[in-house]
Amino acid sequence: MRKAYYIIFLLGSIYNFGQYIRISPEFSSNSIKGKNVDVLETNLQTYNVKLGIDYPEHEKYFVSSNIGYKQRGGRETNPLLMGDWNKITKRWDYISLDSYINYKFNITDAYFYLGIGPEINFLLSNKPFENTPYENDYNLKKTLFSANLQLGFTRTFGDFRFSAYSYYNQNLSKVGKSDFNNLTNSGFNFGVSFAYDLHKL
């Protein structure tokens, strides 16, 4: 019963303080980099989806927050290895939370925006390096901190609005490690969002 109260409180807060609710499918190109040895260093295409809130806007800026499902990972080809380990592709699943403060460049019924903000990711994958030569050497962190730099465009159509955007994601903490190597993850993300005025629901 207590969980139900928390959910009601959260939804009520979103409704009272939010202006638009939106859904955002994304396409991402990212890879893994090693400090001493590269692991899964070739870019991998992944897919993300977010549910977000835009808070009431000011003339020159607005704040937004998102919760979503995000994939990270990389690929590599090693001709020195035999069988299934010759080509490796790994995708890892995360729950992602992020927020942005965005500066607006207004035009008629639309605006461009530039945003920056933090992101925190919670690992869902149970055996990240399973069936690879790294299975017994590397571990992924359960929690990953990163930062985003975003550029986008938004157009309003009555109670609806549409956005197209791109952002670069850079780790602020290690995505994983072994006894001799630290791993980071970065990449470019491209998305669109479809939003509706919360108070018209």
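Residues numbered from 1 in each chain as written. Predicted model: local features only at pLDDT ≥ 70, side-chain atom pairs only at ≥ 80, totals over all residues. Heavy atoms only, no water.

1. Some thoughts on the overall build of the protein chain
The cut-off we apply is this: In DSSP terms, a helix is any run of H or I states spanning at least four residues, a strand is any run of E spanning at least two, and both are numbered starting from the N terminus. Here's how the labels work: a residue is buried when its accessible area is under 20% of the maximum for its type, exposed when over 50%, partly exposed in between, all with a 1.4 Å probe on protein chains only. The contact rule is simple, with two residues in contact once any of their heavy atoms fall within 4.5 Å. Accessible surface area values rest on a Shrake-Rupley calculation with a 1.4 Å probe, where residue burial reflects the displayed protein chains alone.
Each helix and strand counted, the protein chain has one helix and ten strands in total. For the protein chain, the proportion of its 201 residues judged to be buried stands at 41%. Taking contacts inside the protein chain between residues at least 6 apart in sequence as the whole, the part at least 24 apart equals 67%. For the protein chain, the accessible surface area stands at approximately 11,500 Å², while carbon and sulfur atoms represent 62% of it.

2. Quick look at the nonpolar core
This is how the line gets drawn: Side-chain atoms within 4.5 Å are what join buried Ala, Val, Leu, Ile, Met, Phe, Trp, Tyr and Cys residues into a set we call a nonpolar core.
Counting 14 residues, the largest nonpolar core has L40, W92, F129, L140, V175 and L183 as its most contacted members. No other element matches strand 4 (residues 87–107), which puts three residues into this core. Once residues within four sequence positions are removed from consideration, L40 is found in contact with S31, I32, G74, R75, E76, I88, K90, W92 and F129. In terms of nonpolar packing, the next biggest core, distinct from the first, is built from six residues, F62, Y100, Y113 and Y165 among them.

3. Some details on the environment of N189
Of note, N189 is situated in strand 10 (residues 182–197). Each C-alpha atom of the pair N189 and Q45 lies 9.7 Å from the other, and the pair is 144 residues apart in sequence. Once residues within four sequence positions are removed from consideration, N189 is found in contact with E26, F27, S28, N48, K70, Y165, S166, Y167 and N169.

4. So, the pattern of salt bridges
Spelled out, the test is: When a carboxyl oxygen of Asp or Glu lies within 4 Å of a side-chain nitrogen of Lys or Arg, that pair is called a salt bridge.
All told, the structure shown has eight salt bridges when counted by the stated rule. The partner of R161 in a salt bridge is E57, and the shortest N-O contact between them spans 2.6 Å. Of the two residues, R161 is situated in strand 8 (residues 160–171) and E57 in the loop between strand 2 (44–54) and strand 3 (61–77); the sequence distance between them amounts to 104 residues. By relative accessible area, which is 6% here, R161 ends up buried. Of the residues examined, E57 reaches a relative accessible area of 24% and is grouped as partly exposed. Between K70 and E119 there is a salt bridge, and its shortest N-O distance comes to 3.1 Å. Here K70, found in strand 3, pairs with E119, found in strand 5 (residues 110–123); they are 49 residues apart in sequence, far enough to count as distant. Taken individually, K70 and E119 each receive the classification buried, so the pair is uniform in this respect. Connected via shared salt-bridge partners are R22, D54, E57, K104 and R161.

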